[in-house]
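# Per-entry structural report
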Amino acid sequence: MTKPQLLIDTDPGVDDALAILMAHAHADIAGLSIAAGNVGLGHTVRNARTLVDLVGGGVPVFAGCPTPLVRGPEEDAAFVHGMDGLGDVGFAEPATAAEAEQAALALLRLTRERPGELTLVALAPLTNVALALRLDPTLPQRVRRLVVMGGAVTGLGNTGKVPAEFNIGFDPEAAHVVFEAFPQFDLVDWEATLRHAFDEQEFDQWLAAGDQRAEFFGRVFRTARAFNASSKRRGIIAADALAMAVAIDPSIVTRSEERHVAVELDGRLTRGATVVDWGGRLGHPANARIVLEVDQERFVAMVRRALGAA
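Heads up: these notes are all about the structure in this document. Note that the coordinates shown come from a computational prediction; the quantities given were computed from them, not determined experimentally.

## Here we look at helix α11 (residues 212-220)
Since the α-helix packs 3.6 residues into each turn, any two residues three or four apart lie on the same face. Along α11, the positions that sit buried rather than exposed are Arg213, Ala214, Phe216, Phe217, Gly218 and Val220. For α11, the elements touching its buried residues are α1 (14-26), α2 (41-54), α10 (200-209), α12 (222-230) and α14 (296-306).

Here's what the structure looks like:
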């Protein structure tokens with residue numbers, strides 16, 4: 001079977017780290033374009049380089065936008081991921097270097113070189129993708145699929161803004177640009193990730209049975225795991241990993257709904273919310289396949305393989 005060909009926009013981030021390990025185990029990675037989000041751009045670029053070292057090198061890393069498109073930097077998620085984004089473990093300076101090419105330009109170049117081949121997996125705030133679209137609106141014509149981890153389709157967000165999810169809430173204008181430009185994309189929202197959390201004891205068994213990748217992830221995940229426990233979140237929540245599973249194998253989706261999804265930009269209480277036209281009242285064509293359920297056993301198998309515990 002031919003491996004999926006992935007172009008990953010990411011802001012590592014602990015859950016991004018697991019998703020990148022999955023991509024390495026199950027697909028070919030054309031490149032990592034890096035955004036600010038979970039932590040600042042200096043940290044996310046370094047973390048991507050650390051992950052490339054871990055999997056043996058060979059994946060180009062492209063630094064992108066350090067701030068959202070329009071407004072100043074929003075609150076990051078260092079309180080979840082650690083101040084450096086990888087649990088404050090203190091890894092040595094990675095050997096892999098970032099490329100000189102800016103992330104948005106790399107997205108455009110790689111899709112021009114390989115039109116129709118690459119699935120774009122957006123695990124970060126959508127700043128880099130939006131900038132690429134502003135430079136070249138024909139980008140969607142060259143992308144095989146777009147898979148977005150973001151949003152909260154019934155308002156159960158995970159930010160200080162009640163209905164907003166972190167990735168969309170960090171840069172709502174960028175999400176608006178992307179959602180308006182792509183005629184069809186897969187949306188893996190925060191609420192879906194809560195429904196597909198892993199059992200904690202089972203997850204610990206995978207970590208114990210895995211290789212150096214499991215050892216790495218067990219170390220970086222401690223801070224986020226402690227935060228989730230203090231927030232009374234149940235199970236091991238792996239948001240970006242779920243989106244990556246959908247990107248690698250779209251047949252893993254067992255239930256979905258096609259609806260029009262937009263982003264609220266101006267609401268005093270709702271800025272950054274994903275607004276789903278569930279009833280088709282606005283008359284807009286559906287632009288999103290909203291992933292509601294996946295085959296959990298297959299998702300588990302993909303994660304276990306990524307940790308060397310298959």
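We are not done yet, so read on.
## Considerations on the side chain of Asp186
Mapped onto the elements of the fold, Asp186 is located in strand β6 (residues 185-188). Classification of Asp186 by relative accessible area gives buried; the value is 8%. Residues in contact with Asp186, not counting those within four places in the same chain, are Arg145, Leu146, Val147, Val148, Val246 and Arg289.

## A closer look at the environment of Pro163
Tracing the backbone through its elements, the reader meets Pro163 in the loop between β5 (145-149) and α7 (166-170). On the accessibility criterion, Pro163 (14% relative accessible area) is buried. The sequence separation of Pro163 and Ala77 amounts to 86 residues, and the corresponding C-alpha distance is 17 Å. With sequence-adjacent residues up to four places away left out, Pro163 is seen in contact with Ala152, Gly155, Gly157, Leu269, Thr270 and Ala273.

## Observations concerning the nonpolar core
Ranked by size, the top nonpolar core spans 67 residues in total, and within it Met22, Leu32, Phe203, Met244 and Phe299 carry the most contacts. Core analysis: the second largest hydrophobic core is formed by 38 residues, Leu146, Val153, Phe182 and Phe185 among them.

## A word on the sheet that holds strand β4 (residues 119-122)
Taken together, the 8 strands give an open sheet; going across it, the order is β3-β2-β1-β4-β5-β6-β10-β7, and neighbouring strands pair in mixed fashion. Of all strands in the sheet, those with a lone pairing partner are β3 (61-63) and β7 (253-259), marking the two edges. Here the average twist between neighbouring strands, direction ignored, is 25°. Relative to β5, β4 is paired through 4 bridges, and the arrangement is parallel. Of the residues in β5, the one forming a bridge with Thr119 is Arg145. Packed onto the sheet, α2 meets β2 (28-34) and β3 and runs at close to 160° relative to β2.

## Some thoughts on unusual backbone geometry
A cis amide bond links Pro12 with the next residue in sequence, Gly13, at an omega value of -15°. Along the chain, Gly13 turns up in the loop between β1 (5-10) and α1. Although it is not a glycine, Asp88 sits at a positive phi angle of roughly 55°. Counting through the fold element by element, Asp88 comes out in the loop between α3 (78-81) and α4 (103-113).

## Observations concerning the layout of surface pockets
Considering only enclosed or pocket space, the largest pocket measures out at about 600 Å³ in volume. Around the largest pocket sit 38 residues that line it, and Asn38, Ala77, Val80, Asn158 and Phe166 are the ones nearest its centre. At the level of secondary structure, the elements contributing two or more residues to the lining of the largest pocket comprise α1, α3, α7, α12 and α13 (239-248). Grouping the constituent residues of the lining of the largest pocket by class yields 20 nonpolar, 8 polar and 10 charged.

Definitions and limits used
Residues numbered from 1 in each chain as written. Predicted model: local features only at pLDDT ≥ 70, side-chain atom pairs only at ≥ 80, totals over all residues. Heavy atoms only, no water. Buried < 20%, exposed > 50% of the residue type's maximum accessible area, 1.4 Å probe, protein only. Helix = DSSP H or I, 4+ residues; strand = E, 2+ residues; numbered from the N terminus. Contact = heavy atoms within 4.5 Å. Core = buried A, V, L, I, M, F, W, Y, C linked by side-chain atoms within 4.5 Å. Pairing = 2+ DSSP bridges. Axes fitted to C-alpha atoms, helices over the stretch in contact; angles between N-to-C directions. 1 Å grid on protein atoms, 1.4 Å probe; cavity = no way out; pocket = protein on both sides within 12 Å on 5 of 7 lines; lining within 4 Å. Points joined across faces, edges and corners; volume = space filled by probe spheres on them. Nonpolar A, V, L, I, M, F, W, Y, C, P; charged D, E, K, R; others polar.

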